[in-house]
Amino acid sequence: MSAEAEMLARLAHSKFRARFHLGPRERAYAETKGRAVIASHGADFIATRLAPEAPKNDGKQTPMRGHPVFVAQHATATCCRGCLAKWHGIPAGTALTSAEQDRILRLILAWIDREMDHGQ
């Protein structure tokens, strides 16, 4: 089992995290834009909203809907530095490394892929 699959299985036990699913608009957006564009957006969101040592509005920087990556961030506990610390062991107060950003993006994309395959 991949690291992403293991984490998704662990997150599925959280009532809060398990309640997130792509809505019709987010699903249509993902289908229209394609995985490469969604991945690019995800990398940008992570770099600008999550990776800094002290992200602006930390804890409130990720909307609950409107983009597949935003929904995935809440579902995967990658929405703020507090959730990263609690669920992923990545402490707040230091900038994310490129390896950590890549790991977060892989998890987000794995969740979106799963949603796109199973939610139809």
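Residues numbered from 1 in each chain as written. Predicted model: local features only at pLDDT ≥ 70, side-chain atom pairs only at ≥ 80, totals over all residues. Heavy atoms only, no water.

Student: How should I be thinking about the overall build of the chain in this particular structure?
Tutor: Secondary structure summary: the chain contains seven helices and zero strands in total. Written out in order from the N terminus, the α and β elements of the chain read α-α-α-α-α-α-α. Over its C-alpha trace the chain gives a radius of gyration of 13 Å, about what one expects of a compact globule, namely 14 Å for 120 residues. A principal-axis box enclosing the C-alpha atoms of the chain has dimensions of 40 × 30 × 25 Å. Out of the 120 residues in the chain, the part that is buried amounts to 45%. The contacts in the chain between residues at least 6 apart in sequence include a share of 67% that link residues at least 24 apart. Within the structure as shown, the chain displays about 6600 Å² of accessible surface, and the carbon and sulfur contribution to it stands at 54%. The positive charge centre, built from 17 side chains, and the negative charge centre, built from 12, are 7 Å apart in the chain. (Helix = DSSP H or I, 4+ residues; strand = E, 2+ residues; numbered from the N terminus. Rg over C-alpha atoms; globule rule 2.2 N^0.38 Å. Buried < 20%, exposed > 50% of the residue type's maximum accessible area, 1.4 Å probe, protein only. Contact = heavy atoms within 4.5 Å. Areas by Shrake-Rupley, 256 points an atom, 1.4 Å probe, with all protein chains shown as cover. Lys, Arg positive; Asp, Glu negative; His and termini not counted. Charge placed at Lys NZ, Arg CZ, Asp CG, Glu CD.)

Student: Hey, could you run me through the packing of aromatic side chains in this one?
Tutor: The description of an aromatic ring pair rests on the distance of the ring centres and on the angle between the ring planes. With the rule as written, the count across this model stands at two aromatic pairs. Seen from their ring centres, Phe16 and Phe20 are 5.2 Å apart, and the 85° between their planes marks the pair as edge-to-face. Take Phe20: its relative accessible area is 7%, and that puts it in the buried class. Above the ring of Phe20, the side-chain terminus of Arg19 is found at 4.9 Å from the ring centroid. Positioned above the aromatic ring of Phe45, the side-chain terminus of Arg49 is 5.4 Å from the ring centre. (Phe/Tyr/Trp six-rings, centres within 6.5 Å; stacked < 30°, edge-to-face > 60°. Lys NZ or Arg CZ within 6 Å of the ring centre and 35° of its normal.)

Student: Please explain the packing of helix α3 (residues 24-33) against helix α4 (residues 35-50) as it appears in this structure.
Tutor: Two measures define how a pair of helices packs: the angle their axes make with one another and the distance between the axes. Where α3 contacts α4, the two axes come as close as 6 Å, and the packing angle between them is 110°. By the angle class used here, α3 and α4 are roughly perpendicular. Residue-level contacts link Tyr29, Ala30 and Lys33 of α3 to Arg35, Val37, Ile38 and His41 of α4. When the residues that make up the contact of α3 with α4 are grouped by side-chain class, the tally is four nonpolar, one polar and two charged. (Axes fitted to C-alpha atoms, helices over the stretch in contact; angles between N-to-C directions. Parallel < 35°, antiparallel > 145°, perpendicular 65-115°, else oblique. Nonpolar A, V, L, I, M, F, W, Y, C, P; charged D, E, K, R; others polar.)

Student: Which parts of the structure should I look at to understand helix α5 (residues 68-75)?
Tutor: A turn of α-helix holds 3.6 residues, and therefore any two residues three or four places apart point the same way. α5 sits mainly inside the fold: eight of its eight residues count as buried. Buried within α5 we find Pro68, Val69, Phe70, Val71, Ala72, Gln73, His74 and Ala75. Immediately beyond the C-terminal end of α5, within one or two residues, lies Ala77, with a positive phi of roughly 60°.

Student: Looking at this structure, I do not really get the packing of α4 against α5. What am I missing?
Tutor: At a minimum axis separation of 9 Å, α4 and α5 run at an interaxial angle of 60°. The pairing of α4 with α5 is recorded here as oblique in orientation. Here the hand of the crossing between α4 and α5 comes out right-handed. Listed contacts from α5 to Ile38, Gly42, Phe45, Arg49 and Leu50 of α4 are Pro68, Val69, Phe70 and Gln73. Taken together, the residues that form the contact of α4 with α5 break down as six nonpolar, two polar and one charged. (Left-handed = near helix turned anticlockwise from the far one by under 90°.)

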